[in-house]
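# Structure at a glance
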Amino acid sequence: MGQSLNKIYVHLVFSTKHRNPLITNSIKEDLFSYIGGICKNLECNPIQVGGEKDHVHILCLLSKKIALMDLIEKIKSNSSKWIKTKGIEFENFYWQSGYGAFSVNPSEIDIVRNYIENQEDHHKKITFKEEFLKFLKQYKINYDERYVWD
C-alpha cells in the first residue's frame, strides 16, 4: 500500500502536579482553548477539551505525523509556559509527570465528548483520583498506585 492511513481517537487525561486546584474558573476556558490550539497546530484535531480545577481531559484525533508521547509533551510544556504568563497566582503551575491515554471507538466519540463537557457535574460525585483509577480498571491497565500520583 502506497498510502499511510489512520484514524485514531485518543482520550488524554492528566492532572496538575500533586492535583493542586490551580485551574481556576478565571483561566479555565482560555486554558482549554489554548490546549485545543496546540492540538490543532500539531494536526491532532481537538474534538473536546475540558476538565476541572486539578486535571484536564482532551479528546482528539491523533495525527499520523506525531507520536503520542510527543503530543503530550508539547501540550504540557507549552500550556504550562503559557499559563505562567497569566498572573502571579499561576507562577508555580506544573502538570504531573504522567498521563493516561485511552483509545476511543469512533462510535463512542459523542459519549466521550459529553463526558468531558460535563466534568463539573461529574466531579460532584467522584474525585479525580477515583475517576482516573476507574479508567485504568476499565481499560485493564496494570498499575502500581505508588507510581500513579505525583
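This text goes with the structure placed above it.
First, a word on scope: everything that follows refers to the structure included in this document. (Residues numbered from 1 in each chain as written. Predicted model: local features only at pLDDT ≥ 70, side-chain atom pairs only at ≥ 80, totals over all residues. Heavy atoms only, no water.)

What follows is about the packing of helix H1 (residues 28-41) against helix H2 (residues 68-84). Orientation of H1 relative to H2, taken along the N-to-C sense of each, is 140 degrees, at an axis distance of 10 Å. One element, H1, and the other, H2, form an angle in the oblique class. Seen from above, H1 lies across H2 with right-handed handedness. Together, Asp-30, Leu-31, Tyr-34, Ile-35, Ile-38 and Cys-39 of H1 and Lys-74, Ile-75, Asn-78, Ser-79, Trp-82 and Ile-83 of H2 make up the contact between the two elements. For the contact of H1 with H2, the residue count by class is eight nonpolar, two polar and two charged. (Axes fitted to C-alpha atoms, helices over the stretch in contact; angles between N-to-C directions. Helix = DSSP H or I, 4+ residues; strand = E, 2+ residues; numbered from the N terminus. Parallel < 35°, antiparallel > 145°, perpendicular 65-115°, else oblique. Left-handed = near helix turned anticlockwise from the far one by under 90°. Contact = heavy atoms within 4.5 Å. Nonpolar A, V, L, I, M, F, W, Y, C, P; charged D, E, K, R; others polar.)

This paragraph deals with unusual backbone geometry. Excluding glycine, a negative phi dihedral is what most residues carry, and trans is how most peptide bonds are arranged. For Arg-19, which is not a glycine, the phi torsion comes out positive at approximately 55 degrees. Looking at where Arg-19 falls in the secondary structure, it is placed in the loop between strand E1 (8-15) and H1. Exposure remark for Arg-19: the relative accessible area of 23% places this residue in the partly exposed category. (Buried < 20%, exposed > 50% of the residue type's maximum accessible area, 1.4 Å probe, protein only.)

Looking now at the sheet that holds strand E4 (residues 100-104). Backbone-to-backbone hydrogen bonds join strands into a sheet, with any given pair of strands oriented parallel or antiparallel. The strand order across the open sheet built from four strands is E2-E3-E1-E4, with neighbouring strands paired in antiparallel fashion. The open sheet has two edge strands with one neighbour each: strand E2 (46-52) and E4. Mean inter-strand twist for the sheet, computed between neighbouring axes without regard to direction, equals 20 degrees. Examined bridge by bridge, E2 and strand E3 (residues 55-62) share six bridges and lie antiparallel to one another. Bridge pairing in E3 links Pro-46 to Cys-60. Strands in contact with helix H5 (residues 128-138) are E1, E3 and E4; relative to E1, the strand with the most contacts, it is inclined by about 145 degrees. (Pairing = 2+ DSSP bridges.)

With respect to the helices, strands and loops of the structure, Trp-95 is situated in the loop between H2 and E4. With relative accessibility at 8%, the residue Trp-95 sits in the buried group. On a C-alpha basis, the gap between Trp-95 and Leu-12 in space is 13 Å, while along the polypeptide they are 83 residues apart. In contact with Trp-95, not counting residues within four places along its chain, are Phe-14, Ser-15, Thr-16, Lys-17, Ile-23, Leu-31, Ile-35, Val-56, Lys-76, Ser-79 and Ser-80. Of the polar contacts made by the side chain of Trp-95, one reaches the backbone oxygen of Lys-76; its length is 3.5 Å. (Polar contact = N/O pair within 3.5 Å; in protein donor to acceptor, adjacent residues only side chain to side chain.)

With respect to the element layout, Lys-7 can be found in the segment before E1. Residue classification places Lys-7 among the exposed positions, given a relative accessible area of 56%. Remark: the alpha-carbon pair of Lys-7 and Gly-98, spanning 91 residues in sequence, is separated by 24 Å.

Among the structural elements, Lys-28 can be located in helix H1. When its relative accessible area of 8% is taken as the criterion, Lys-28 is described as buried.

Side-chain alternation along E4 places Gly-100, Phe-102 and Val-104 on a buried face and Ala-101 and Ser-103 on a face that remains uncovered. Direction of pairing for E1 relative to E4: antiparallel, over a ladder of five bridges. Opposite Leu-12, over in E4, you have Ala-101 as the bridge partner.

Counting residues in each nonpolar core, the largest one holds 25 residues, and the members touching the most others are Ile-58 and Ile-75. Of all the secondary-structure elements, those providing two or more residues to this core are E1, H1, E3 and H2. Setting aside its immediate chain neighbours within four residues, Ile-58 contacts Val-10, His-11, Leu-12, Phe-14, Ile-35, Cys-39, Gln-48, Val-49, Ile-75 and Ile-116. Grouped together as the second largest cluster of nonpolar side chains are nine residues, Phe-128, Phe-135, Val-148 and Trp-149 included. (Core = buried A, V, L, I, M, F, W, Y, C linked by side-chain atoms within 4.5 Å.)

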